[in-house]
Amino acid sequence: MAKVTRDDVARLAGTSTAVVSYVINNGPRPVAPATRERVLAAIKELGYRPDRVAQAMASRRTDLIGMIVPDARQPFFAEMAHAVEQAAAERGKMVLVGNSDYLDEREVHYLRAFLGMRVSGLILVSQGPSETAAVEIDAWDARVVLLHRRPEAIEDVAVVTDDVGGAQLATRHLLEHGHAYVACLGGIETTPAIGDPVADHVTGWRRAMDDAGRSTEGRLFQAPYNRYDAYQVALALLAGPHRPPAIVCATDDQAIGVLRAARELRIDVPGELAVAGFDDVKEAALTDPPLTTVASDRPAMARAAVDLVLDDGLRVAGSRRERLKLFPSRLVVRRSCGCPVRG
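The protein chain carries the name HTH-type transcriptional regulator in an unreviewed UniProt entry, which gives Streptomyces sulfonofaciens as its organism.

Structure, rendered in structure tokens:
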């Protein structure tokens, strides 16, 4: 049986091969609804399947978007990757995901691999400040959008959350419950980098404590971002002689580890310890007690990142601040803070 070609579709639909291409690729030129319907009907009747490899060779672009995250096992990054995948599907694109494992060399490895595959664009959730990654992006003249984190070394357009403001909201809320102070479970970096969300969470905590006239001295504790290691840190902290009355965590995963440690030590949450997280992963609503946290509009952020990486005019002029798309944070109140709410 002879292979069905684009010429066959155009002939049956009574139009040109160019119009067939516009329908298949959803552009770049508009097609009248009636003509589009004829083309789609012809494609269905003939069983035509576009040769994506040939299309990619001709256009030097694929229908793929590359996405690099630090660790897709962490709920926040898994949910963000899923949101990007859904947004990309709405634009007729597929997403390839690579894990940097918080390693500079693996981030650069995936940068080279994805850009070498001629992806339509790259969404980078960077693992940290990377001069090497910046050089690689410039060398490929790549269409890159930074998501969630904006390393100082990389100047591309960024889609981020108001991390400082969100941490202020959570800390202020815990202080309003009457606690003498709020401790902070931050990251593991001794010298936080500019654009690091966790560093911004710590900054927001400091500002809220300062505004309330409370000292932060000796009240910031380092912990890895995942629940398992944070649990070990929390065990030592909560079993010690200076157990804090309230803790704000840089991530929900850390907060889940804190809740597990408190339960193991028979510390009542929120009666003896108030806890708040950051990210509002889906699991936060199912912890015991349900976790008070800070949320952002991940679906909207994902759509913004996909739109920016696919649309023309990505490389806009202007200052670093003008190349930043900032989404607001909001407090999600549940029971772990001490509020008498359901869920």
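Student: Report on the nonpolar core, specifying residues and quantitative values.
Tutor: Side chains that are nonpolar tend, in soluble globular proteins, to be buried together. With 67 residues, the main nonpolar core has Met67, Ile123, Leu147, Ile247, Leu273 and Val275 as its most contacted residues. If near-sequence neighbours (up to four positions away) are discounted, Val275 is found in contact with Ile247, Cys249, Ala255, Val258, Leu259, Val269, Leu291, Thr292, Ser336 and Cys337. Leu115, Ala142, Leu146 and Val160 belong to the second largest nonpolar core, which has 17 residues in total.

Student: Lay out the sheet that holds strand S1 (residues 64-69) in plain terms, naming residues and giving numbers.
Tutor: Here we have six strands laid out as an open sheet, ordered S2-S1-S3-S4-S5-S11, and parallel in their pairing. The strands lining the two open edges of the sheet, one partner per strand, are strand S2 (94-99) and strand S11 (324-327). Mean inter-strand twist for the sheet, computed between neighbouring axes without regard to direction, equals 20°. Taken together, the six bridges between S1 and S2 define a ladder with parallel strand orientation. For Gly66, the partnering residue across the bridge sits in S2 and is Leu96.

Procedures and definitions
- Residues numbered from 1 in each chain as written.
- Predicted model: local features only at pLDDT ≥ 70, side-chain atom pairs only at ≥ 80, totals over all residues.
- Heavy atoms only, no water.
- Core = buried A, V, L, I, M, F, W, Y, C linked by side-chain atoms within 4.5 Å.
- Buried < 20%, exposed > 50% of the residue type's maximum accessible area, 1.4 Å probe, protein only.
- Contact = heavy atoms within 4.5 Å.
- Pairing = 2+ DSSP bridges.
- Helix = DSSP H or I, 4+ residues; strand = E, 2+ residues; numbered from the N terminus.
- Axes fitted to C-alpha atoms, helices over the stretch in contact; angles between N-to-C directions.

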